[in-house]
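Single-letter residue listing:
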Amino acid sequence: MRVLITGGAGFLGSHLADRLTDRGDEVICMDNLFTGSKRNIAHLREHPNFEFMRHDVIDPFKVEVDRIYNLACPASPVHYQYNAIKTIKTSVVGAINCLGLAKRVNARVFQASTSEIYGDPDLHPQPESYWGNVNPIGIRSCYDEGKRCAETLFFDYHRQNGVDIRIARIFNTYGPRMSPEDGRVVSNFIVQSLKGEDLTVFGDGTQTRSFCYFSDLIDGFVRLMDQDATVGPVNLGNPGEFTMLELAENVIKLTGTKSKIIFKPLPQDDPKQRRPDIETAKSELNWEPTVPLEEGLKETIGYFRELLEL
Ligand code: NAD
Ligand code: UDP
């Protein structure tokens, strides 16, 4: 298989590149290095089945591939809000470019969608049939609506042009190779703990998220892409649900830091609760996560400790 991964130098993209090159696929990794880094793929540079292409997914491209995984898009609220217009262009124009290519070369194409599709959900846990509660004009909209529009484009190319699509709705995923400057909660709390800084809990910390370890998620990606029956959307995430205060306390315990918890204002439209209903992934892909939060956190703490040389 020749595979294009857009966003391949990012946290998830680089792990996917590992998984696919390991099994003998030829991987072309396309990335503009906005939030990704060469460090994430340094170990693959000499691999005979790996190629890096510095390119922006919003600019047209043509490569001969059998499969496309479209992961290009900043995922952290800090980074996707940095240039909101660019973020929505990346999702929408990036999806059009991937789908156009898939149509021309007859490739199967995967979209890294998100639980943000559900917005601030009033149905809990969230099944794929839920249409969501998304503010179309808020500070998170560039990401949420961009990803929603990308899903629409995927289904329209599928219905209208017969493009072979797969859509995964990814819930909060963490692990080694997240950037220390990423800004998402798991990496923030770990980096703050290791540096002896206070942990910044936004709001009163009672909002919840469900955290999936990267290796489980990548396994779900590959299962979804390798089967013929289900196009999705399929929720991929770990149903274990925690408040941000619980997460902070867990990270403090596991790092053994003397850092304290401090409270900062809750950002606008921050979802109050989030947990995936993974019945579809279980029944259609025979997939469910296996790594408990504490185990994944220990691995991730080890990674950041080495990276920050602490
Ligand atoms: P990440 O920021 O580490 O990776 C995103 C990658 O895309 C980076 O390497 C970045 O440089 C690249 N990129 C951004 N804009 C680009 C552009 N215009 N052209 C080319 N490359 C571009 O984040 P991640 O966690 O690895 O996320 C990967 C994908 O998964 C994203 O599409 C994200 O929306 C989706 N996702 C992730 C999570 C999660 O919890 N990790 C949850 C839901 C969805
Ligand atoms: N959060 C926090 N402190 C931080 C970063 C994030 O309390 O330093 C909270 C944030 O308000 C949200 C949750 O953690 O309620 C998850 O945030 P993240 O940015 O990781 O992802 P989201 O699921 O909001 O996209």
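What counts, and at which threshold
- Per-chain numbering applies: the sequence of each chain, read as written, is numbered from 1 onward.
- Written order decides the labels, with chains lettered from A and ligands numbered from 1.
- Local features in a predicted model are, by the rule used here, given only for residues with pLDDT of at least 70; side-chain atom pairs are given and counted only at 80 or more, and totals for whole chains, interfaces and linings are based on all residues.
- In computing side-chain properties, one takes all heavy atoms of the structure into account and sets aside hydrogens as well as water.
- By definition, any uninterrupted DSSP run of H or I lasting at least four residues is a helix, any uninterrupted run of E lasting at least two residues is a strand, and each is numbered from the N terminus.
- To get the radius of gyration, use the C-alpha atoms; to get the globule rule, take the number of residues to the power 0.38 and multiply by 2.2 Å.
- With a 1.4 Å probe rolled over the protein chains alone, any residue whose accessible area is under 20% of its type maximum counts as buried; one over 50% counts as exposed, and the rest are partly exposed.
- Only a single heavy atom is needed: when it lies within 4 Å of a molecule or strand, its residue is near that molecule or strand.
- Counted as a polar contact is a pair of N or O atoms within 3.5 Å, where, for protein atoms, one must be capable of donating a hydrogen and the other of accepting one, and residues adjacent in sequence contribute only when both atoms are in side chains.
- We get accessible surface area from the Shrake-Rupley algorithm with a probe of 1.4 Å; when it comes to residues, only the shown protein chains can shield them.
- Classification convention: Asp, Glu, Lys, Arg as charged; Ala, Val, Leu, Ile, Met, Phe, Trp, Tyr, Cys, Pro as nonpolar; all other residues, Gly among them, as polar.
- A helix is expected to span 1.5 Å for every residue after the first.
- The arc in question is the one traced by the directions running from the helix axis out to the C-beta atoms.
- Being paired, for any two strands, means DSSP has found at least two bridges between them.
- To define axes, lines are fitted to C-alpha atoms, for helices over the stretch in contact only, and angles between the resulting N-to-C directions are given on a 0 to 180 degree scale.
- Whether two residues are in contact is decided by their heavy atoms: any pair within 4.5 Å suffices.

J.: Teacher, can you tell me more about the overall build of the chain here?
T.: Across its full length, the chain holds ten helices and 13 strands. The globule rule puts the C-alpha radius of gyration for 310 residues at 19 Å, and the 19 Å found for the chain is close to it. Overall, the C-alpha framework of the chain stretches about 55 × 45 × 40 Å when taken along its three principal axes. Burial status across the chain gives 57% buried among its 310 residues.

J.: Explain the site of ligand 2 here, please?
T.: With respect to spatial proximity, 18 residues lie near ligand 2, and among them T200, F202, R209, D270 and R274 are the closest. The contact in question runs from an oxygen atom of ligand 2 to an N or O atom on the side chain of R140, over 3.0 Å. D270 is positioned such that a nitrogen or oxygen atom in its side chain is 2.6 Å from an oxygen atom of ligand 2. When isolated, ligand 2 has an accessible area of 520 Å², and the protein chains bury 96% of it. Of all elements in the fold, only α6 (185–195) and β8 (199–202) reach the threshold of two or more residues within the shell around ligand 2. Its residues assigned to classes, the shell around ligand 2 shows seven nonpolar, five polar and six charged.

J.: Sorry, what's going on with helix α10 (residues 293–307) here?
T.: The periodicity of an α-helix, 3.6 residues per turn, causes residues three or four positions apart to be oriented the same way. Taking 1.5 Å as the rise per residue, α10 with 15 residues should run 21 Å; its terminal C-alpha atoms sit 21 Å apart, in good agreement. What α10 keeps buried is the set L293, G296, L297, T300, I301, Y303 and F304. Down the axis of α10, the buried side of the element spans an arc of 160 degrees, and every buried residue falls inside it. Set apart from the buried face of α10 by more than 90 degrees, the exposed residues are K298 and E306.

J.: Teacher, can you tell me more about the site of ligand 1 here?
T.: As a matter of local geometry, ligand 1 sits amid 30 residues, with D31, T35, Y143, K147 and T173 nearest to it. D31 has a polar side-chain atom sitting 2.5 Å from an oxygen atom of ligand 1. Across the complex, the protein chains shield 97% of the 820 Å² of accessible surface that ligand 1 would expose by itself. Residue assignment for the shell around ligand 1 shows that the elements contributing at least two residues are α1 (11–22), α4 (84–105), β5 (108–114) and α5 (141–161). For the shell around ligand 1, the element with the most residues is β5, which contributes three residues.

J.: Whenever I open this one, the side chain of T114 confuses me. Can you help?
T.: If you trace the backbone, T114 turns up in strand β5. Looking at T114, its side chain comes within polar contact range of the main-chain nitrogen of E116, at 2.9 Å.

J.: Hey, could you run me through the sheet that holds strand β1 (residues 2–6) in this one?
T.: Each strand in a sheet pairs with another by means of backbone hydrogen bonds, the pair being arranged parallel or else antiparallel. If you trace the seven strands from one edge of the open sheet to the other, you get β3-β2-β1-β4-β5-β6-β11, paired in parallel fashion. Each edge of the open sheet is held by one strand with a lone partner, namely β3 (50–54) and β11 (234–236). Neighbour to neighbour, the strand axes of the sheet diverge by 20 degrees on average, direction disregarded. Sheet topology note: the strand β4 (residues 67–70)/β5 ladder contains four bridges and is parallel. Each bridged residue has a counterpart across the sheet, and for Y69 the counterpart in β5 is F110. Against the sheet, α4 makes contact with β1, β4, β5 and β6 (165–170), and its axis sits at roughly 175 degrees relative to β4, the strand it touches most.

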